Amino acid sequence: MKKRLKTRPTSSELQILNMLWILGTATVRSVHEALPQESRRGYTTTLKLMQIMVEKGFVVRDESSRSHVYRAVLTRENVQGRLVGDLMNRAFDGSAAKLVMKALSEKPASAEEVAQIRRVLDELEGKRGKDQ
């Protein structure tokens, strides 16, 4: 069962989630140091954001050791699905086709990405054939 997000992560929270998805579990210091230099703010800002993320239910904190260790509760797939769904509904009248066409016109896909897209489309076609 997928967990539904009540709120969307902010851009800063999404950066922290990305680091936790890569690192698995991490201290605030580890996450802070892993953030890209150009978007890194002060350590205390990272700490406060992660505390807020605990309150929102985005991450959990293990307080059993001196350095608290954080872990993402939400999966990358869950967050991406929610964000794409929201964008599709708000900006593209709920049309997946419009969203995909706009995305591909803004940044063309590599040959490997096109092959992946074709595989997904083939799978969807196969499922539709079975449902009819």
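Right above here is the structure, for reference.
Residues numbered from 1 in each chain as written. Predicted model: local features only at pLDDT ≥ 70, side-chain atom pairs only at ≥ 80, totals over all residues. Heavy atoms only, no water.

Is there a simple way to think about the nonpolar core in this case?
When a protein is soluble and globular, its nonpolar side chains tend to lie buried together. Within the largest apolar cluster, 18 residues are counted, with the highest numbers of intra-cluster contacts made by I16, L17, L20, V31, M50 and V59. For this core, the secondary-structure elements that each account for two or more residues are α1 (11-23), α2 (28-34), α3 (43-56) and β3 (69-72). It is α1 that contributes the most residues to this core, five residues altogether. Every residue in contact with V59, bar those within four places of it in the chain, is listed here: L17, L20, M50, M53, V54, Y70, R71, A72 and V73. (Core = buried A, V, L, I, M, F, W, Y, C linked by side-chain atoms within 4.5 Å. Buried < 20%, exposed > 50% of the residue type's maximum accessible area, 1.4 Å probe, protein only. Helix = DSSP H or I, 4+ residues; strand = E, 2+ residues; numbered from the N terminus. Contact = heavy atoms within 4.5 Å.)

Would you mind showing me how to read the packing of aromatic side chains here?
Aromatic rings considered in pairs are described by the distance between their centres and by the relative angle of their planes. With the rule as written, the count across this model stands at zero aromatic pairs. Lying over the aromatic face of Y43, R29 brings its terminal NZ or CZ to 4.3 Å of the ring centre. (Phe/Tyr/Trp six-rings, centres within 6.5 Å; stacked < 30°, edge-to-face > 60°. Lys NZ or Arg CZ within 6 Å of the ring centre and 35° of its normal.)

Whenever I open this one, empty space enclosed by the protein confuses me. Can you help?
Regions of empty space are outlined by a rolling probe, equal in size to a water molecule, passed over the atoms. On inspection of all chains with the given rule, the structure shows one cavity of 30 Å³ or more. Taken as a whole, the largest cavity encloses approximately 60 Å³ of empty space. (1 Å grid on protein atoms, 1.4 Å probe; cavity = no way out; pocket = protein on both sides within 12 Å on 5 of 7 lines; lining within 4 Å. Points joined across faces, edges and corners; volume = space filled by probe spheres on them.)

Sorry, what's going on with the environment of R29 here?
By the element assignment, R29 lies in helix α2. Measuring from C-alpha to C-alpha, the distance between R29 and S39 comes to 15 Å, with ten residues separating the pair along the chain.

Explain α1 to me, please; I cannot follow it from the model alone.
Residues lying three or four places apart along an α-helix face the same way, a consequence of the helix completing one turn every 3.6 residues. Its 13 residues give α1 an end-to-end C-alpha distance of 18 Å, which sits within 8% of 18 Å, the value for a rise of 1.5 Å per residue. Within α1, the full set of buried residues consists of S12, E13, I16, L17, M19, L20 and W21. On its buried face, α1 is in contact with β1 (25-26), α2, α3, β2 (59-62), β3 and α4 (76-91). A positive phi of about 90° marks G24, the residue just after α1. (Expected span 1.5 Å × (residues − 1).)

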